[in-house]
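Okay, here's what each chain looks like letter by letter:
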Amino acid sequence: MQASSQGVTVVALLADPDAPTEVAKRLARALPARLAAKSGHGLRFDVEVVSEPFTAGAEDPPTLMRRIVDRGSAENWDIVVALTDLPLHSHRRKLVVDLSHEHGVALLSLPSLGGWRLQRKARRAVEEVVISLAGRRATGAAGAPRSQQPMGPFAGRLAPIHPGPVDEEEFADLRYVASGPRGYLRVLAGMVRANRPWRLVPGLSKALAAALATGAVATVNSTVWSLAASLSTPRLVIATVGSVGLMIGWLIVDANLWHRTAEASPEARQRAALYNTSTVLTVGIGVLVCYAGLMVINFVWALFILNDQVFASMTRTPLNATDYWTLSWFVASTATVGGALGSGLESDEAIRAAAYSKREQERRHMLQDDNDG
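Owing to the predicted nature of the structure, the values given are computational and were not obtained by experimental measurement. (Residues numbered from 1 in each chain as written. Predicted model: local features only at pLDDT ≥ 70, side-chain atom pairs only at ≥ 80, totals over all residues. Heavy atoms only, no water.)

**Observations regarding the packing of aromatic side chains**
Right, so step 1: Per the counting criterion, the structure on display carries three aromatic pairs.
Right, so step 2: Note on Phe299 and Tyr324: the rings are 6.2 Å apart at their centroids and 75 degrees apart in plane angle, and the pair reads as edge-to-face. Remark: Tyr324 occurs in helix α11 (residues 321-342) and Phe299 occurs in helix α9 (residues 266-305); sequence separation between them is 25 residues.
Right, so step 3: For the pair Phe299 and Trp325, a centre-to-centre distance of 4.1 Å together with 15 degrees between the ring planes defines the contact as stacked. (Phe/Tyr/Trp six-rings, centres within 6.5 Å; stacked < 30°, edge-to-face > 60°. Helix = DSSP H or I, 4+ residues; strand = E, 2+ residues; numbered from the N terminus.)

Structure, rendered in structure tokens:
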């Protein structure tokens, strides 16, 4: 890649579609001014956002870096920073960012930045990456020494991020990885955020319809009144855990969301465990949101439909505020079981679309095609 004219450094944010593109577009608004203020070489920057699935069919950093270098060589870009929401691994470590100072490119895995304040962390990481690459080009250095750490603590001072090993034949000359339990939890939170579990609620319309119907019928059933009035708090908690667990398990099994790998390597098993844990958490958060919504709806319905005298004649106890909440709580568990059965009416594609990011959906489609082949 050749330096652009008129002293302007052209920075391309090459982003996977969906969430990475949204992050890149928000970054691009203020990035030129922030980079110009931070660079110590009097540089000016022009930032472009290019949305394309550069990770299609590949998850290994060397292959992706080669693609990024080839893509940048075909354009008038001085620096290319590629953003993906796929979790990447290198030498059994979670990859945060790969840099090639020689080629002026970088690969950033957004899940490694965690599940909170993603936009701020991504902005800081991209700024550090671009300043590092631009500084090397401005000073005429061919590449960053592998032992040097030219970047600041872009993901936070307490982040479990440190330089990682780079093979001699790779494009990258500097790599940052996340390791240890905190690194694992950080990547896991980032994966769950990338899946956006709140989308599961509108994506399960048929299951929610079945749950609401079950709840509406149960609320007017006198047997349910008596059961709810007799249940202690520990038993209500058990009913909640059981119904939510049933719903999560049913969705994962019915829609074939469990990730299986034919590879026997420890890295493949570790990657499969990470994907499956993120799936359970994603579906679990979505189901809990549905459960909370059912409780509120059932409570409002109970306020409207219950009659003090009828309730007292059936349960032999007067109706009070605690009874409304207890009944709503118990009915929510019952309705969640009904929703699990109703989820069988949803197509597998609809559930996957609700539970996974676009990149993760495409990745799983490719794995399924490979297994079928």
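**What to know about the UniProt feature "transmembrane region" (unreviewed entry) in the chain**
Right, so step 1: As annotated by UniProt and renumbered to match this structure, "transmembrane region" (unreviewed entry) occupies residues 207-230, 236-258 and 279-304.
Right, so step 2: The span residues 207-230 is 92% helix and 0% strand, and its two end C-alpha atoms sit 28 Å from each other. (UniProt positions renumbered as here; feature names shortened; annotations may be inferred.)

**Notes on the nonpolar core**
Right, so step 1: Among the nonpolar cores identified, the biggest contains 34 residues, and Leu13, Leu83 and Val126 are the most heavily contacted of them.
Right, so step 2: The element best represented in this core is helix α3 (residues 118-139), accounting for eight residues.
Right, so step 3: Beyond its immediate sequence surroundings of up to four residues, Leu13 is in contact with Ala24, Leu27, Leu31, Val47, Glu48, Val49, Val50, Val81 and Val126.
Right, so step 4: If you look at the next biggest cluster of nonpolar residues, it comprises 25 residues, including Ala12, Val80, Leu95 and Tyr275. (Core = buried A, V, L, I, M, F, W, Y, C linked by side-chain atoms within 4.5 Å. Buried < 20%, exposed > 50% of the residue type's maximum accessible area, 1.4 Å probe, protein only. Contact = heavy atoms within 4.5 Å.)

**Looking at the environment of Val69**
Right, so step 1: Counting through the fold element by element, Val69 comes out in helix α2 (residues 61-73).
Right, so step 2: When the C-alpha positions of Val69 and Val80 are compared, they lie 8.1 Å apart, and in sequence the two are 11 residues distant.
Right, so step 3: Those residues in contact with Val69 that sit more than four places away from it in its chain are His103, Val105 and Phe171.

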